Amino acid sequence: MAEFLAAAAAFVLACVGLALVRLLRGPTAADSMMAAQLLDTGGAAICLLLAASGGHEAIADVGLTFAVLAALAVAALSLRVRSPKPEGGKP
Amino acid sequence: MSLLLDTATVLLVLAGAFFFLAGTVGLLRFPDALSRLHALTKADTLGLGLIVLGLLPQMGSLPAALKLVLAWLLVQLASAGASQLIARLIHAGDANGPRS
C-alpha cells in the first residue's frame, strides 16, 4: 500500500511536471496563473499521498500550506497583471 | 474489512490519478485559454477529491483524516476563486497579450 501510494504520488508529479513545462512556455500571463493553480492542486495531491504512504503526518500540513500559498500566488499574479507597478519605485 | 478498505483506497486513488491525467491532457491539448482553465480547475480538483476520498481509510487517526478533508476543502475554494480571477483576465483580453 505504501509503495502504491508513493507510485501514485510520482505519477501525479509527472503529470504536474508535464503540464508545468507547457504552461511556463506559454506566452501569456493567464498561462502563468494557470501554472500556479496547477501547482496548487497537484502539490496538495502529492503531499497528501506522501503523508498517507507511511510518511509523517506533517507532510499533510505541508500540503495545506502549499494550497494556501498557491492560492495567494494566483491572487497576487492577478493583481500584478491588472495593475502593474509603475516605474520609478512608487509602491 | 481491512482488505475492503485497501481495495477501496486503491480504486479511488487510481480513479483520482486518472482524472489528474485527463485534466493534464486537456490542459495541454485544448485550443482555447478558457477551456484550458476549465480542464485545469474542474478535472484536477475532481482528481484531488477522489484521491482524498481514497486516502481517508489509510490515515491512522481522526485528526489526520480531518486534515485531509480540510486540505481538499481549501483547494476547492482556492481553485474556485482562482478560476474566476483567471477567467476575468482572459476575458479582458490579456490572454492574447504579452506576458507582463
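Preceding block: the structure.
Residues numbered from 1 in each chain as written. Chains lettered and ligands numbered in written order. Predicted model: local features only at pLDDT ≥ 70, side-chain atom pairs only at ≥ 80, totals over all residues. Heavy atoms only, no water.

**Section: the overall build of chain A**
Turning to step 1, where the next piece is worked out: Along the backbone of chain A there are three helices and zero strands.
Turning to step 2, where the next piece is worked out: If you list the helices and strands of chain A from N to C, you get α-α-α.
Turning to step 3, where the next piece is worked out: Within chain A, contacts between residues separated by at least 24 positions form 58% of all contacts whose residues are at least 6 apart in sequence.
Turning to step 4, where the next piece is worked out: For chain A, the accessible surface area stands at approximately 4,500 Å², while carbon and sulfur atoms represent 69% of it. (Helix = DSSP H or I, 4+ residues; strand = E, 2+ residues; numbered from the N terminus. Contact = heavy atoms within 4.5 Å. Areas by Shrake-Rupley, 256 points an atom, 1.4 Å probe, with all protein chains shown as cover.)

**Points about the packing of aromatic side chains**
The geometry of an aromatic ring pair comes down to the distance between the two centres and the angle between the two planes.
All names here are of chain B.
Turning to step 1, where the next piece is worked out: For the structure on display, the rule yields one aromatic pair over all chains.
Turning to step 2, where the next piece is worked out: Judged by centre distance (5.7 Å) and plane angle (70°), the rings of Phe18 and Phe19 are edge-to-face.
Turning to step 3, where the next piece is worked out: On the basis of relative accessible area, Phe19 is assigned to the partly exposed category, the value being 29%. (Phe/Tyr/Trp six-rings, centres within 6.5 Å; stacked < 30°, edge-to-face > 60°. Buried < 20%, exposed > 50% of the residue type's maximum accessible area, 1.4 Å probe, protein only.)

**Some points on the environment of B:Lys67**
Turning to step 1, where the next piece is worked out: Looking at the element boundaries, B:Lys67 is found in helix α3 (residues 62-91).
Turning to step 2, where the next piece is worked out: Distance in space between the C-alpha atoms of B:Lys67 and B:Leu56 is 9.9 Å, their sequence separation being eleven residues.
Turning to step 3, where the next piece is worked out: When sequence neighbours within four positions are dropped, the list of residues in contact with B:Lys67 reads A:Glu57, A:Ala60, A:Asp61 and A:Leu64.

**Some points on a nonpolar patch on the surface**
Turning to step 1, where the next piece is worked out: The grouping of A:Phe11, B:Leu21 and B:Val25 at the surface amounts to a nonpolar patch, some 220 Å² of accessible area in total.
Turning to step 2, where the next piece is worked out: Its location among the elements puts A:Phe11 in helix α1 (residues 2-24).
Turning to step 3, where the next piece is worked out: Judged by relative accessible area, which is 33%, A:Phe11 ranks as partly exposed. (Patch = residues over 30% accessible without salt bridge, like charges linked within 9 Å, V, L, I, M, F, W, Y side chains within 5 Å. Salt bridge = Lys/Arg side-chain N within 4 Å of Asp/Glu carboxyl O.)

**A few points about the nonpolar core**
Looking at soluble globular proteins, one finds that nonpolar side chains tend to be buried together.
Turning to step 1, where the next piece is worked out: A:Val12, A:Leu38, A:Leu48, A:Leu49, B:Leu55 and B:Ile86 are the most contacted members of the largest nonpolar core, which totals 47 residues.
Turning to step 2, where the next piece is worked out: Those elements giving two or more residues to this core turn out to be α1, α2 (29-52) and α3 (58-82) of chain A together with α1 (2-29), α2 (33-55) and α3 of chain B.
Turning to step 3, where the next piece is worked out: Take this core: its biggest share by element is 14 residues, from α2(A).
Turning to step 4, where the next piece is worked out: Those residues within four positions of A:Leu49 in sequence are excluded, and the remaining contacts are A:Leu5, A:Ala8, A:Ala9, A:Val12, B:Val13, B:Ile51 and B:Leu55. (Core = buried A, V, L, I, M, F, W, Y, C linked by side-chain atoms within 4.5 Å.)

**A closer look at the interface of chain B and chain A**
Turning to step 1, where the next piece is worked out: Contact residues are listed per partner, giving 46 residues for chain B and 44 residues for chain A.
Turning to step 2, where the next piece is worked out: Both faces combined, the contact of chain B with chain A buries some 3,800 Å², and carbon together with sulfur accounts for 77% of it.
Turning to step 3, where the next piece is worked out: If you look at where chain B meets chain A, you find two salt bridges.
Turning to step 4, where the next piece is worked out: Of the charged contacts in the structure, one is a salt bridge between B:Lys67 and A:Asp61, with a shortest N-O distance of 3.1 Å.
Turning to step 5, where the next piece is worked out: The interface formed by chain B and chain A contains two residue pairs in polar contact (both at pLDDT 80 or more). (Buried area = accessible area lost by both parts, 1.4 Å probe. Polar contact = N/O pair within 3.5 Å; in protein donor to acceptor, adjacent residues only side chain to side chain.)

**Points about the packing of α2(A) against α1(B)**
Geometrically, a packed helix pair is captured by the angle between its two axes and the distance between the axes.
Turning to step 1, where the next piece is worked out: Between α2(A) and α1(B), the least distance of the axes is 13 Å, while the angle of their chain directions is 165°. When the axis of α2(A) is compared with that of α1(B), the two are roughly antiparallel. Every pair of crossing elements has a handedness; the one defined by α2(A) and α1(B) is left-handed. Together, A:Met34, A:Leu38, A:Thr41, A:Gly42, A:Ala45 and A:Leu49 of α2(A) and B:Val13, B:Phe20 and B:Leu27 of α1(B) make up the contact between the two elements.
Turning to step 2, where the next piece is worked out: Partitioning the contact of α2(A) with α1(B) into residue classes produces seven nonpolar, two polar and no charged. (Axes fitted to C-alpha atoms, helices over the stretch in contact; angles between N-to-C directions. Parallel < 35°, antiparallel > 145°, perpendicular 65-115°, else oblique. Left-handed = near helix turned anticlockwise from the far one by under 90°. Nonpolar A, V, L, I, M, F, W, Y, C, P; charged D, E, K, R; others polar.)

**What to know about the state of the cysteines**
Residues and elements named next belong to chain A.
Turning to step 1, where the next piece is worked out: What the rule picks out here adds up to zero disulfides over all chains.
Turning to step 2, where the next piece is worked out: With no disulfide of its own, Cys15 lies closest to Cys47 among cysteine sulfurs, the gap being 16 Å.
Turning to step 3, where the next piece is worked out: For Cys15, a relative accessible area of 4% corresponds to the buried category.
Turning to step 4, where the next piece is worked out: A residue is classified by how much of its surface remains accessible, and Cys47, at 11% relative accessible area, is buried. (Disulfide = S-S within 2.5 Å.)

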